[in-house]
Amino acid sequence: MYLSTLTRPAEGRHGAGPVAANVVALGAVSLITDVSAEMVTAILPLYLVIGLQFSPAAYGAIDGLYTGATVLLRLVGGYAADLVDRRKPVALLGYGASAAAKLGLLAAAGSGVGIGLALTADRAGKGLRTAPRDALITLCTPPDRLGRAFGVHRAMDAAGAFAGPLVALAVLAAAPGSYDSVIMTSFCVALLGVMVLVLFVRDTPGPKPPREALRWRELLRGPAARRLVPASFLLGLATIGDGFTYLLVAERADLALGWFPLLAVATSGVYLLLAAPAGMLADRAGRLPVVLGGYLALTATYLLLGFASGGGLWLVGATVVLHGTFYAATDGGLMALVGPLLPAGLRTTGIALVQSGQALAYLFSSVLFGAAWQVWGTRPALLAAAAVSVIALAGTFAVLRPSERAVS
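What you see is a predicted model, and the numbers here were worked out from it, not measured in a lab.

The next point concerns the confidence of the model for the protein. This prediction gives the protein a mean pLDDT of 79; 78% of its residues lie at or above 70. Note on residues 1–16: pLDDT is under 50 here. Beyond four places in sequence and across chains, it has 43 contacts. The low-confidence segment residues 403–408, where pLDDT is below 50, has six contacts with residues more than four positions distant or belonging to other chains.

Structure (structure tokens):
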């Protein structure tokens, strides 16, 4: 039974050999796109909370909606890609929408409503492209190499996230205070990513099911999806936004505002170093243990920020390492875990369902954490987040653990 691959690796080559050229091409697109995205988003929490004086609850609502609003579009993108059996055009539409959103930020001219609409358009593009992109990786990679393939892709993605804030700082150093220059540079970089997608990524069709089978209800009736969707929702509940983490680190360590964007850079650096090794470990040791281990690192982050005595650079370093480890173990690992458990003809829709479950739960967790921070203070809010995370991980293990019959 497929579910037995959750906790033990597939027989055979155990991830040996190079990844497909399509995986490298998709990784290059993600690298370039993340440079563009992180140029803008690295300073967003600081801008909203410090610059515009948003309360933690208000920031939590914006952060949750920012991600949660992509739920429907993830499903639309995944279903459309399976319906036409073409994933590249849907991914291209998503990358193009995110690039165009950068021009929307320029047109907003400081308007809060305009900025919100532009950010929503950017997340809408991400929602459309993510499932088709990940489905392309699964369709061009043998099942026993999926951890390695997603590890390589996510490492390239992390390289872009690492470089983005540095590029933004370089632009601001050349043109102090010119945020429009940062946004225009971000648009040009995003356009380059779209061009790489058009020129170098090949579409990989999957076995096309009968049209009457292309219904999400049919997918949910499958034994794998009945486990995967609840598990993804539980994992989403265990996650609070990066912005909260970085704001708490800056507060505890008394960082100067100019250092704030470098927290994302450092996290991405750890992610970059560990993503490929974590993917190979998942292929060898089992994907579920690696994913759950990543979420345990996230839980440790909450406890560290809430209860460690003192602050200083050691707290910054420990938080960055734990947070980067979380992303390295879970971002590609979860997709490598779910890919083989879904029928190839409905794989994009299935991946979209899993990602939507996470995004919907993240909406709730971010809003609730922001409210808890404002009402109770940071330490009780972090303790509550850690408790929810532990409960969610226990539930995920119970849902995804194969039966003895499946393992034997």
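The subject of this paragraph is the environment of Gly151. If you trace the backbone, Gly151 turns up in helix H7 (residues 146–174). A relative accessible area of 5% means that Gly151 is categorised as buried. Among residues more than four places away in sequence, those in contact with Gly151 are Ala275, Ala276 and Gly279.

Attention now goes to helix H14 (residues 313–338). The end-to-end C-alpha distance of H14, which contains 26 residues, comes to 38 Å, matching closely the 38 Å that a straight helix rising 1.5 Å per residue would cover. The largest bend along H14 measures about 25° and falls at Gly332.

Turning our attention to the pattern of salt bridges. Where side chains of opposite charge bring their charged atoms close, a pairing between them can arise. The tally for this structure, following the rule as stated, stands at five salt bridges. Across the pair Asp122 and Lys102 runs a salt bridge, and its minimum N-O distance is 3.2 Å. Here Lys102 lies in helix H5 (residues 88–108) and Asp122 lies in helix H6 (residues 112–139), a separation of 20 residues in the sequence. For the residue pair Asp122 and Lys102, the accessibility class agrees, reading buried in each case. Linking Asp134 and Arg133 is a salt bridge whose minimum nitrogen-to-oxygen distance equals 3.1 Å. For the pair formed by Asp134 and Arg133, the shared burial category is buried. Several salt bridges converge on common partners, so that one network encompasses Arg133, Asp134, Arg154 and Asp331.

The next subject is the side chain of Ser232. Along the chain, Ser232 falls in helix H10 (residues 223–237). Within the structure, the side chain of Ser232 is placed 2.7 Å from the backbone oxygen of Val229, a separation counted as a polar contact.

Another aspect to go through is the packing of H7 against H14. H14 packs onto H7 with a crossing angle of 145° between their chain directions and a minimal axis gap of 8 Å. As for how H7 packs across H14, the hand of that crossing is right-handed. Contacts from Leu146, Gly147, Phe150 and Arg154 of H7 reach H14 at Asp331, Gly332, Met335 and Ala336. Each residue belonging to the contact of H7 with H14 can be placed in one class, and the counts come to four nonpolar, two polar and two charged.

We now examine the environment of Val249. As for its placement among the helices and strands, Val249 is situated in helix H11 (residues 242–253). When its relative accessible area of 2% is taken as the criterion, Val249 is described as buried. As a C-alpha pair, Val249 and Thr319 span 70 residues in sequence and 7.6 Å in three-dimensional space. Those residues in contact with Val249, other than ones at most four positions away along the chain, are Asp254, Leu263, Leu305, Val316 and Thr319.

Rules used throughout
Residues numbered from 1 in each chain as written. Predicted model: local features only at pLDDT ≥ 70, side-chain atom pairs only at ≥ 80, totals over all residues. Heavy atoms only, no water. pLDDT = per-residue confidence, 0-100. Contact = heavy atoms within 4.5 Å. Helix = DSSP H or I, 4+ residues; strand = E, 2+ residues; numbered from the N terminus. Buried < 20%, exposed > 50% of the residue type's maximum accessible area, 1.4 Å probe, protein only. Expected span 1.5 Å × (residues − 1). Bend = angle between axes of the 7 residues up to and from the residue. Salt bridge = Lys/Arg side-chain N within 4 Å of Asp/Glu carboxyl O. Polar contact = N/O pair within 3.5 Å; in protein donor to acceptor, adjacent residues only side chain to side chain. Axes fitted to C-alpha atoms, helices over the stretch in contact; angles between N-to-C directions. Left-handed = near helix turned anticlockwise from the far one by under 90°. Nonpolar A, V, L, I, M, F, W, Y, C, P; charged D, E, K, R; others polar.

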